[in-house]
Amino acid sequence: VKNPQPTCACRWFAATAVLARWCLGGVFIYMGLVKALDPVGFLKLVRQYDLVATPILLNSIAAALPWFEVFCGLLLVAGVAVRGSALMLLGMLLPFTVVVFQRALAVAGAQAIPFCAVRFDCGCGNGEVLICYKLLENFALMVLSAWLAAGFGRQLSLRYQLLHPKRAETGPLAPQAPLERKSR
Amino acid sequence: VKQLFWEAVLVAGVGAALAFAANAISPRGLRLARDYFPAPPSRTNSPSVNSNLVTGSLGATNTQSALVKLTSRIRERGLEPIDINRARQLFNDPGYAQQLILFVDARDDDHYRQGHIPNAYQLDHYRPERHLSEILPACLVAQQIVVYCNGGDCEDSEFAALFLRDSASVPKEKLLVYVGGFTEWATNGLPVEIGERGSGQAPQNPR
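Residues numbered from 1 in each chain as written. Chains lettered and ligands numbered in written order. Predicted model: local features only at pLDDT ≥ 70, side-chain atom pairs only at ≥ 80, totals over all residues. Heavy atoms only, no water.

Visitor: Provide a residue-level description of the pairing of strand 4 (residues 144-148) of chain B, including the pertinent values.
Guide: Residue and element names in this part refer to chain B. Among the five residues in strand 4, four count as buried, and that is most of the element. In the sheet, strand 2 (residues 101-105) pairs with strand 4 via five bridges, with the strands oriented parallel. For Leu102, the partnering residue across the bridge sits in strand 4 and is Ile145. Here three bridges tie strand 4 to strand 5 (residues 175-178), and the two strands are oriented parallel to one another. By the bridge assignment for strand 5, Val146 is matched with Leu176. The β-α-β motif built from strand 4, the intervening helix 8 (residues 156-166) and the parallel element strand 5 has right-handed crossover chirality. (Buried < 20%, exposed > 50% of the residue type's maximum accessible area, 1.4 Å probe, protein only. Helix = DSSP H or I, 4+ residues; strand = E, 2+ residues; numbered from the N terminus. Pairing = 2+ DSSP bridges. Right-handed = clockwise from strand over helix to strand, strands pointing away.)

Visitor: Outline the confidence of the model for chain A, listing residues and values.
Guide: All names here are of chain A. Considering every residue of chain A, the mean pLDDT works out to 86; 85% of them sit at 70 or more. Taken element by element, chain A is modelled with least confidence in helix 6 (residues 165-170), mean pLDDT 53, and with most confidence in helix 3 (residues 55-78), mean pLDDT 96. A low-confidence stretch, residues 170-184 (pLDDT under 50), is modelled with 27 contacts involving residues beyond four sequence positions or located in other chains. (pLDDT = per-residue confidence, 0-100. Contact = heavy atoms within 4.5 Å.)

Visitor: Residues and numbers for the confidence of the model for chain B, please.
Guide: One rule of thumb: low pLDDT means the predicted coordinates there are not for detailed reading. Residues and elements named next belong to chain B. This prediction gives chain B a mean pLDDT of 87; 87% of its residues lie at or above 70. Taken element by element, the predicted model of chain B shows its lowest mean pLDDT in helix 2 (residues 47-55) (42) and its highest in strand 4 (97). pLDDT under 50 marks residues 44-59. Its contacts with residues more than four places away, or in other chains, come to 36 contacts. Confidence estimates for the predicted assembly give a pTM of 0.82 and an ipTM of 0.83.

Visitor: Please provide a residue-by-residue account of the state of the cysteines, values included.
Guide: Residues and elements named next belong to chain A. Enumeration according to the criterion identifies three disulfides over all chains in this entry. Covalently, Cys116 is tied to Cys132 through a disulfide, its sulfur atoms 1.8 Å apart. Here the S-S torsion is close to -80°, and the disulfide linking Cys116 with Cys132 is therefore left-handed. In this pair, Cys116 sits in the loop between helix 4 (82-111) and strand 1 (119-121) while Cys132 sits in helix 5 (residues 131-149), placing the two residues 16 residues apart along the sequence. (Disulfide = S-S within 2.5 Å.)

Visitor: I'd like a description of the nonpolar core, backed by residues and values.
Guide: Residue and element names in this part refer to chain B. Core analysis: the largest hydrophobic core is formed by 65 residues, its most contacted members being Ile145 and Val147. The contacts of Val147, once residues within four sequence positions are left out, are Val104, Ala106, Ser157, Ala160, Ala161, Leu175, Leu176, Val177 and Tyr178. Judged by nonpolar contacts, the second largest core, of 19 residues, contains Ala87, Leu90, Ile117 and Val146. (Core = buried A, V, L, I, M, F, W, Y, C linked by side-chain atoms within 4.5 Å.)

Visitor: Give me the packing of helix 4 of chain A against helix 1 (residues 2-25) of chain B: which residues, what numbers.
Guide: Where helix 4 of chain A meets helix 1 of chain B, the closest approach of the two axes is 8 Å, and the angle between their N-to-C directions is 70°. By the angle between their axes, helix 4 of chain A is roughly perpendicular relative to helix 1 of chain B. Across from Val82(A), Arg83(A), Gly84(A), Ser85(A), Leu87(A) and Met88(A) in helix 4 of chain A, the residues of helix 1 of chain B making contact are Leu4(B), Glu7(B), Ala8(B), Val11(B) and Ala12(B). Taken together, the residues of the contact of helix 4 of chain A with helix 1 of chain B sort by class into seven nonpolar, two polar and two charged. (Axes fitted to C-alpha atoms, helices over the stretch in contact; angles between N-to-C directions. Parallel < 35°, antiparallel > 145°, perpendicular 65-115°, else oblique. Nonpolar A, V, L, I, M, F, W, Y, C, P; charged D, E, K, R; others polar.)

Visitor: If you had to explain the packing of aromatic side chains to someone new, which residues and values would you point to?
Guide: All names here are of chain B. In the structure shown here, the tally under the stated rule is 16 aromatic pairs over all chains. Centre to centre, the rings of Tyr178 and Trp185 are 6.3 Å apart; their planes meet at 75°, and the pair counts as edge-to-face. The same class applies to Tyr178 as to Trp185, namely buried. Taken together, Phe91, Tyr96, Phe103, Tyr178 and Trp185 form an aromatic cluster joined through their ring pairs. (Phe/Tyr/Trp six-rings, centres within 6.5 Å; stacked < 30°, edge-to-face > 60°.)

Visitor: Give me the lowdown on the interface of chain B and chain A, citing residues and values where you can.
Guide: Taken residue by residue, the interface counts 41 residues in chain B and 40 residues in chain A. Approximately 3200 Å² of surface area, both sides summed, lies buried where chain B meets chain A, with 68% of it carried by carbon and sulfur atoms. With its nearest N and O atoms 3.0 Å apart, the salt bridge here joins Glu155(B) to Arg47(A). Our enumeration of links across chain B and chain A arrives at eight residue pairs in polar contact (both at pLDDT 80 or more). Of all the secondary-structure elements, those providing two or more residues to the side of chain B that touches chain A are helix 1, helix 2 and helix 8 of chain B. Broken down by element, the residue count for the side of chain B that touches chain A peaks at 16 residues, all from helix 1 of chain B. A per-class count over the side of chain B that touches chain A returns 23 nonpolar, eight polar and ten charged. (Buried area = accessible area lost by both parts, 1.4 Å probe. Salt bridge = Lys/Arg side-chain N within 4 Å of Asp/Glu carboxyl O. Polar contact = N/O pair within 3.5 Å; in protein donor to acceptor, adjacent residues only side chain to side chain.)

Written out as structure tokens, the structure reads:
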């Protein structure tokens with residue numbers, strides 16, 4: 001059967017995926033802009049992680065990362081290269097979460113306090129937070145990124161796949177429950 | 001999967017190029033080749049030391065030990081730390097009015113405008129070019145220069161002092177770092193000026 005009628009559950013699922021895409025994009029635009037507007041503050045926070053040895057690398061991370069997050073967020077909101085952008089975000093969130101976790105562990109050990117009582121500005125864009133909440137938030141963002149990278153949230157996209165967009169429309173991940181109003 | 005990989009690589013490449021371009025044209029952008037931190041990260045930079053020392057919410061013993069650490073860190077960096085009593089003494093010295101003693105605020109514009117030690121010069125060492133023409137002649141004349149930032153674990157006063165010493169050839173004997181910083185100064189009810197340097201305006205609700 002060609003173009004079967006989507007079920008109600010299918011429509012809700014598709015709509016949820018699109019909302020997730022917009023939310024994820026919006027979160028990264030906001031967090032990226034907060035850091036991009038105060039690059040010196042972000043530079044100081046990145047330095048605290050002691051990740052790189054040379055000033056040029058440290059400066060490059062602090063200078064480019066916030067704008068890169070804004071870029072990926074915009075792509076997700078607009079629906080351009082959605083899977084590639086989501087994969088990039090997942091690739092950034094994973095190491096960020098690891099280094100935040102490691103630093104929180106070190107702080108908890110140094111101050112002899114429970115892990116979930118550790119609170120600091122991790123440089124994530126939302127100021128000083130309880131690290132347990134931050135890790136939960138990052139986990140949720142990673143799940144959303146993985147979901148989008150797996151091929152969901154396709155509807156209402158300007159150019160869902162940057163490379164070979166026509167193949168995507170007929171491939172196994174083609175839309176099953178389009179939200180767009182069909183004009184033809 | 002291969003297509004997804006190449007799409008991610010393309011996003012990474014274009015995104016990185018645009019990100020560096022945005023940094024380059026942003027008026028707040030960073031200079032990639034500059035060493036903004038002329039000293040390694042401090043091991044005392046634990047978040048609790050930073051915030052609690054300023055707010056005074058640590059126990060007296062912890063505060064004292066944090067102060068000792070900060071003082072020794074400043075000394076390790078070849079600078080001379082001073083406490084609030086010495087800072088107050090220098091502020092009340094007749095030499096301050098004659099510009100033989102200078103106070104230098106190493107914080108950013110927002111913090112400086114919200115309140116600074118009266119007649120203190122501003123030197124945001126992350127963007128020093130904006131202040132050097134005003135501050136350098138004054139530093140050459142001055143006999144003692146007190147540099148401060150927010151206090152607590154804030155390192156900007158040290159970096160500004162190191163900048164003056166290493167890049168502006170100010171003799172290190174002149175340079176003093178006020179460890180308690182502006183927060184300690186203001187919470188002790190000492191004079192504060194808001195807005196521009198020399199505005200003479202006091203804050204509406206002094207702390």
